[in-house]
Amino acid sequence: MRSDTLASQGVNEEMMLPSQRVKVHIRCKKCGETFILRGVRDAKGHIETGFKRCLCDNEDEFDVEPLH
Ligand SMILES: [Zn+2]
């Protein structure tokens, strides 16, 4: 007898909540360093990239621009 108990595991959560993946261009206003990151746009239009801070320790002065 074979067991099929594992068949229902591994449900794909991305099917439930389609998230928009976008590329984001981030430029530090302090040192001018630029970063290209992949982010996820949520329902409110906010883009979450996980980006925390620049190499120069700047944490909140950035130009953020989604790339199309
Ligand atoms: Zn910087």
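A word on the overall build of the chain
- Counting its regular elements, the chain contains zero helices and four strands.
- Helices (α) and strands (β) of the chain occur, in sequence order from the N terminus, as β-β-β-β.
- Evaluated residue by residue, the chain yields a buried proportion of 4% over its 68 residues.

Some points on the sheet that holds strand E2 (residues 34–41)
- Read from one edge of the open sheet, four strands run E3-E2-E1-E4, paired in antiparallel fashion. Strands with a single pairing partner mark the edges of an open sheet, and in this sheet they are strand E3 (47–48) and strand E4 (62–67).
- Note that strand E1 (residues 20–28) and E4 share six bridges and pair antiparallel. Residue pairing in the sheet places Val24 in a bridge with Pro66 of E4.

What about the confidence of the model for the chain?
- Put simply, the chain has an average pLDDT of 83, and 74% of its residues get 70 or more.
- Per-element mean pLDDT across the chain ranges from 89 in E3 up to 94 in E2.

Observations concerning the pairing of E2
- Strand direction decides the pairing type here: E1 and E2, joined by eight bridges, are antiparallel. Counted as the bridge partner of Ile26 is Phe35 from E2.
- The antiparallel pairing of E1 with E2 creates a hairpin that spans five residues between the two strands, and Gly32 there sits at a positive phi of about 85 degrees.
- Linking E2 back to E3 in an antiparallel pair, the connection comprises five residues, with Gly45 at a positive phi of about 90 degrees.

Overview of unusual backbone geometry
- The phi torsion at Asp57 lies on the positive side, around 75 degrees, for a residue other than glycine.
- Mapped onto the elements, Asp57 comes out in the loop between E3 and E4.
- For Asp57, a count of 8 C-beta atoms within 10 Å puts it in the exposed group.

Each value, and the rule that gives it
- By convention here, each chain's residues receive numbers from 1 onward along its written sequence.
- Where totals are concerned, whole chains, interfaces and linings use all residues; where local detail is concerned, this predicted model gives features only for residues with pLDDT of at least 70, and gives and counts side-chain atom pairs only at 80 or more.
- Numbering of helices and strands runs from the N terminus, with a helix taken as a DSSP run of H or I at least four residues long and a strand as a DSSP run of E at least two residues long.
- Burial is judged by counting the other C-beta atoms within 10 Å of a residue's own C-beta: 20 or more makes it buried, 12 or fewer makes it exposed, and any count in between marks it as partly exposed, with every C-beta position built from the backbone.
- Paired strands, in this sense, are two strands between which DSSP finds at least two bridges.
- The predictor reports its confidence for every residue as pLDDT, a score running from 0 up to 100.

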